[in-house]
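# Per-entry structural report
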Amino acid sequence: MKIFVLVKEVPDTYEDRRLDMETGLADRGAGQVVLDEITERALEVALKYADANPDAEVVALSMAPESATSSIRRALAIGAGSAVHVVDEALHGADLGLTATVLAAAIRRGGADLVITGNLSTDGAGGVIPAMLAEHLNYAQATNLSAVQIAPDAVTATRETDYGSQQVTAPLPAVVSITEALPEARFPNFKGIMAAKKKPIEVLSLADLGVTADPAEAPQTILTAVSEKPPRAGGVKIVDEGDAAVQLIDFLVKNRLV
Amino acid sequence: MPHYESPILVLIDVTPSGAAAPSTAQLIGAAAQLGTPVALVAAPADSAKDAVDSAVAAGAQLVLTTDVDDGPIAVPIVDAMQAAYRTVQPDAVLISNSIAGRDVAGRLAVREHLALSVDAVDVARDDEGIVAHHSVYGGAYLTHSAPTFGTPVITVRQGTIDTRAKSAPEARVEKLTVEPSGAAVAVGTVVEALQIASSRPELRGARVVVSGGRGLGSKENFSLVEDLADELNAAIGASRAAVDAGFIPFPHQVGQTGVSVSPQLYVAIGISGAIQHRAGMQTAKTIVAINKDPGSPIFDVADFGIVGDLFTVVPQVVDALRGRKK
Ligand SMILES: Cc1cc2nc3c(=O)[nH]c(=O)nc-3n(C[C@H](O)[C@H](O)[C@H](O)COP(=O)(O)OP(=O)(O)OC[C@H]3O[C@@H](n4cnc5c(N)ncnc54)[C@H](O)[C@@H]3O)c2cc1C
Ligand SMILES: Nc1ncnc2c1ncn2[C@@H]1O[C@H](COP(=O)(O)O)[C@@H](O)[C@H]1O
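On to the overall build of chain B. Of the regular secondary structure elements, chain B holds eight helices and 16 strands. Oriented by its inertia axes, the alpha-carbon framework of chain B measures out at about 65 × 45 × 40 Å. By residue count, 59% of the 326 residues in chain B fall in the buried class. Sequence-distant contacts in chain B: of pairs separated by 6 or more residues, those separated by 24 or more amount to 68%. Total accessible area computed for chain B in this model is approximately 12,800 Å², and 49% of it derives from carbon and sulfur atoms.

Have a look at this one:
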C-alpha cells in the first residue's frame with residue numbers, strides 16, 4: 001500500500017503571526033516556521049499502519065517554498081520513507097484551487113492508495129483541501145476522522161460531524177482527513193534524524209506536473225484588501241481580597257452585561 | 001424556473017433530525033445582501049419538509065428540493081449543488097463553513113472550476129463584483145477576497161452575519177432533477193447526536209460565552225462553569241486543555257482549532273490565554289478573566305481581570321447573580 005501524507009509548513013502559532021500588508025499573504029520572514037502539528041498527527045496515522053505492515057510505503061508530500069526543506073526533513077526523521085516537495089516561483093500566493101490542483105497532480109503522478117491530511121491547516125484554516133483532492137482524483141472521501149483503522153481495501157473510521165459522530169467506511173483509493181483527537185507524532189530520535197539525511201526528496205516543478213498557474217486558465221481567489229486591527233489592550237486587573245465578585249458584578253452592571 | 005435578478009445560491013445544512021441548521025437565517029440574510037436568495041435543500045425525502053419551511057421563513061425566494069440517501073457522504077449533495085448551480089446560474093454560491101459545508105464547497109469549486117473563498121465573516125458587492133471579508137489570525141487582520149473572474153463559492157463562518165432577509169410571501173418551492181455523478185464515495189452510519197439538545201445557547205453566535213480551562217481541575221468541577229453560564233444565559237466554551245482532559249466534548253473548544261466566537265461578553269475561567277486560545281475569542285466585545293496566576297497572558301486581553309482562586313470567586317459570583325434575580 002502506498003500512502004501519501006500531506007504535510008505543511010506553517011508559521012509557528014506560539015509566536016505572533018503576521019500578514020504582509022502589501023500582499024495579504026503570510027509573512028514568512030516574521031517568525032519561526034514549523035511543520036503543522038495536525039499534519040504530523042496525520043503522518044503518525046500512516047506510520048502506525050506501516051509499523052504493522054512493512055510493505056506499506058509512506059510518502060510525505062508538501063507544496064511549499066524552497067526554504068521548507070528542513071520541515072520536510074523533519075517528516076522524514078519522524079519516519080516517512082521518502083518525500084515529494086513541489087516548489088515553483090509561480091506558486092507564491094497560490095489560492096486553494098491552485099493548491100488542490102497541484103497536490104492532486106503530484107498524488108496522481110505517484111499513484112497513491114490512500115491520502116492522509118489534516119482537517120484544517122493552522123495558517124489558512126481552509127479545511128477544504130482534502131475534499132478538493134477527492135474530487136480531483138475521484139477517490140472516496142472521509143473527512144474529520146477522530147479514529148482510523150486502515151485495511152488493505154478500505155478505511156473504517158469514526159467521523160466527527162457537525163452534530164455528533166458516525167462510523168464511516170471509505171473504499172480505497174481514498175482521501176481522509178484527521179482531527180487533533182488522534183495522537184501526536186512520535187518524536188524523531190537520533191537514528192531517525194541520521195536516516196532522514198539519506199532518504200530521497202523528489203523536488204518537482206509545475207512543469208514536471210504539467211500544471212500551469214496561468215490566471216487566464218482558471219479563476220483564482222485573490223486578496224483585494226488587507227488591514228490590521230490595533231492589538232487589544234488589557235483593562236482593569238484586581239487581586240481578589242474577598243470582594244472580587246462584588247466588583248465584577250459592578251463592572252458587568254455598569255457595562256449593561258447583566 | 002422564473003427569472004430572478006442576481007440569484008445567489010445557498011446550500012441549507014440539514015440536521016440529522018431534518019431541521020434546517022441554525023446557519024440558515026444568516027446564509028439567506030447574507031445572500032439577500034448580494035441579490036435574490038435561492039436555497040437548495042438536499043436531504044432524505046421524509047425529513048426535508050421542516051428545512052424547506054425554514055428556508056422560506058428565512059427569506060429564500062425559491063427553494064429547490066431533492067431527495068438524497070442517508071448513507072453516502074458529501075457526494076449526493078455535491079451532485080445536487082452542481083445541478084442547482086447549472087439551473088440557477090448564480091452570481092455567488094454561499095455555503096456554511098461547517099464540516100459538511102466545507103466538503104461540498106471544495107468539491108463544487110473543483111467540479112465547476114469556480115474560485116473558492118473560505119470562512120468569510122461578511123460578504124458585500126462593490127464595483128468589481130462580490131467580495132468576501134475575512135478575519136485572520138484571531139481577528140488581528142481583516143482581509144477582502146474576490147475571484148479573478150466567474151462566480152465565487154464562499155463559505156460563511158457560523159454566527160457572524162446579522163443581516164436577515166424578509167420572508168417572501170410569493171416564495172416558490174420546486175423539485176430539482178439531479179443526475180448522479182457516480183463519483184467514488186464513503187458511506188456512514190446515522191449520526192449519534194452528541195448530547196441531548198441542551199437549552200443553553202449555541203456557542204457559535206452566542207451573546208455571552210463562559211469558558212473553562214485546565215484550572216477547573218476535573219470534570220466534576222467543570223459544573224462551576226455551567227452554573228455561571230446558566231446565571232448569565234451563556235453558551236459554554238472551553239480551552240483545548242479542558243477538552244483534552246475530558247472535562248467537556250470537543251465541539252465546545254474555543255480557539256484556533258476550535259470555534260471562533262465574538263460575543264458581547266466572554267468569561268475565561270482557569271484559562272491561561274495561550275495564543276491559540278486567544279485566536280478564537282479576542283474579538284469579543286468585553287473579556288473577563290479569573291485566574292490565580294497574575295502573569296497569565298489572558299490578562300493582556302481582559303477588560304476586567306481577577307487574580308484569584310476560581311474556586312472562591314466563581315461561587316461568589318454565582319451567588320451574587322442569583323441574589324440579584326430574587
Ligand atoms: C496547533 C495548535 C492548536 C491549538 N489550538 C487550540 C485551541 O483551539 N484552543 C485552545 O484553547 N488551545 C489550543 N491549543 C493549546 C494551547 O497552546 C494551550 O495549551 C491551551 O489553550 C491551554 O489551555 P488552558 O489555558 O486551559 O491550560 P493551562 O495553560 O494549563 O492554563 C490553566 C490556567 O488555570 C489557572 N488556574 C489553575 N488553578 C486555578 C485556580 N484554582 N483558580 C484560578 N486559576 C487557576 C492557571 O494559573 C493557568 O493559567 C493549540 C495548540 C497548538 C500547538
Ligand atoms: N501546501 C500544502 N502542502 C501539503 N499539504 C497541504 C498543503 N495545504 C494543505 N495541505 C493539507 O491539507 C490539510 C487541510 O488544509 P486546509 O484545507 O488548507 O485547511 C492540511 O492539514 C494538509 O494536510
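Now, onward.
With 59 residues, the main nonpolar core has Ile107 of chain A together with Leu40 of chain B as its most contacted residues. The contact partners of Leu40 of chain B, leaving out residues within four places of it in the chain, are Leu9, Val10, Leu11, Ile12, Leu64, Thr66, Ala80, Met81, Ala84 and Leu176 of chain B. Among the nonpolar cores identified, the runner-up in size contains 42 residues, and Tyr49, Ala50 and Val58 of chain A together with Ala186 of chain B belong to it.

Here we take up the domain arrangement of chain B. Residues and elements named next belong to chain B. Here chain B is described as being made up of domain 1 (7–175) and domain 2 (208–325). With centres defined by C-alpha atoms, the gap from domain 1 to domain 2 works out at 32 Å. With four residues of domain 1 in contact, the opposing surface of domain 2 contributes four residues. Summed over both sides, the interface of domain 1 with domain 2 buries roughly 290 Å², with 49% coming from carbon and sulfur. When residues of domain 1 are sorted by the area they lose upon contact with domain 2, Gly138, Gly139 and Arg157 head the list and together hold 84% of the total.

On to the site of ligand 2, then. Residues and elements named next belong to chain A. Lining the immediate environment of ligand 2, one finds 19 residues, of which Leu6, Met63, Ser121, Gly127 and Val128 sit closest. The separation between an oxygen atom of ligand 2 and a polar main-chain atom of Ile129 is 3.0 Å. Protein chains shield 98% of the accessible area of ligand 2, which is 480 Å² for the free molecule. At the level of secondary structure, the elements contributing two or more residues to the shell around ligand 2 comprise α1 (37–52), β4 (57–63), β6 (114–118) and α4 (129–137). The element that contributes the greatest number of residues to the shell around ligand 2 is β4, accounting for three residues. Per-class residue counts for the shell around ligand 2 are eleven nonpolar, seven polar and one charged.

In this section: the interface of chain A and chain B. Interface extent is often summarised as the accessible area lost during association of the parts. With 79 residues of chain A in contact, the opposing surface of chain B contributes 85 residues. Three residues, Glu135, Tyr163 and Arg232 of chain A, lead the burial of chain A against chain B; their summed loss comes to 12% of the area buried on that side. Scanning the region where chain A abuts chain B turns up six salt bridges. Across the pair Asp303 of chain B and Arg232 of chain A runs a salt bridge, and its minimum N-O distance is 2.8 Å. Going through the elements one at a time, α1, α4, β7 (140–150), β8 (154–160), β9 (164–171), β12 (221–228), β13 (236–239) and α7 (244–254) of chain A are the ones with two or more residues in the side of chain A that touches chain B. Partitioning the side of chain A that touches chain B into residue classes produces 39 nonpolar, 23 polar and 17 charged.

A separate point is the sheet that holds β12 of chain A. Strand order in this open sheet of ten strands is β12(A)-β7(B)-β6(B)-β5(B)-β8(B)-β4(B)-β1(B)-β2(B)-β3(B)-β9(B), and the pairing throughout is mixed. Each edge of the sheet is formed by a strand with only one pairing partner; in this case those strands are β12 of chain A together with β9 (172–175) of chain B. Strand-to-strand, the axes of this sheet are offset by a mean angle of 35 degrees, without reference to chain direction. Relative to the sheet, helix α2 (residues 48–57) of chain B contacts β2 (36–43), β3 (62–67) and β9 of chain B, its axis offset from that of β2 of chain B by approximately 170 degrees.

The strand order across the open sheet formed by six strands is β13(A)-β16(B)-β15(B)-β14(B)-β12(B)-β13(B), and the pairing between neighbours is parallel. A single partner strand is all that each edge strand has here, and the edge strands are β13 of chain A together with β13 (235–238) of chain B. When strand polarity is set aside, the average angle formed by the axes of neighbouring strands in this sheet is 15 degrees. Note that β13 of chain A and strand β16 (residues 304–307) of chain B share four bridges and pair parallel. Across the sheet, Val239 of chain A pairs through a bridge with Val307 of chain B, a residue of β16 of chain B. In the packing of α7 of chain A onto the sheet, the strands contacted are β13 of chain A together with β14 (265–269), β15 (286–291) and β16 of chain B, and the crossing angle to β16 of chain B comes to about 175 degrees.

Let us now look at the site of ligand 1. As a matter of local geometry, ligand 1 sits amid 29 residues, with Arg214, Ser239, Ser272, Gln276 and Asn291 of chain B nearest to it. Chain contributions to the surroundings of ligand 1 come from chains A and B. Contacts to ligand 1 include Arg214 of chain B, whose side-chain N or O atom sits 2.6 Å from an oxygen atom. Interatomic distance of 3.0 Å between a side-chain N/O atom of Gln253 of chain B and an oxygen atom of ligand 1. Compared with its free state, where it exposes 990 Å², ligand 1 has 85% of that area covered by protein.

Relative to the elements of secondary structure, Gln253 of chain B occurs in the loop between α6 (240–244) and β14. Accessibility expressed as a relative area gives 2% for Gln253 of chain B, which makes it buried. For Gln253 of chain B, the side chain forms a polar contact with the side chain of Thr257 of chain B, separated by 3.3 Å. The contacts of Gln253 of chain B, once residues within four sequence positions are left out, are Glu180 of chain A together with Ala238, Ser239, Arg240, Val243, Gly258 and Val259 of chain B.

Cut-offs applied
Residues numbered from 1 in each chain as written. Chains lettered and ligands numbered in written order. Predicted model: local features only at pLDDT ≥ 70, side-chain atom pairs only at ≥ 80, totals over all residues. Heavy atoms only, no water. Helix = DSSP H or I, 4+ residues; strand = E, 2+ residues; numbered from the N terminus. Buried < 20%, exposed > 50% of the residue type's maximum accessible area, 1.4 Å probe, protein only. Contact = heavy atoms within 4.5 Å. Areas by Shrake-Rupley, 256 points an atom, 1.4 Å probe, with all protein chains shown as cover. Core = buried A, V, L, I, M, F, W, Y, C linked by side-chain atoms within 4.5 Å. Domains from an automatic or database assignment. Buried area = accessible area lost by both parts, 1.4 Å probe. Near = heavy atom within 4 Å. Polar contact = N/O pair within 3.5 Å; in protein donor to acceptor, adjacent residues only side chain to side chain. Nonpolar A, V, L, I, M, F, W, Y, C, P; charged D, E, K, R; others polar. Salt bridge = Lys/Arg side-chain N within 4 Å of Asp/Glu carboxyl O. Pairing = 2+ DSSP bridges. Axes fitted to C-alpha atoms, helices over the stretch in contact; angles between N-to-C directions.

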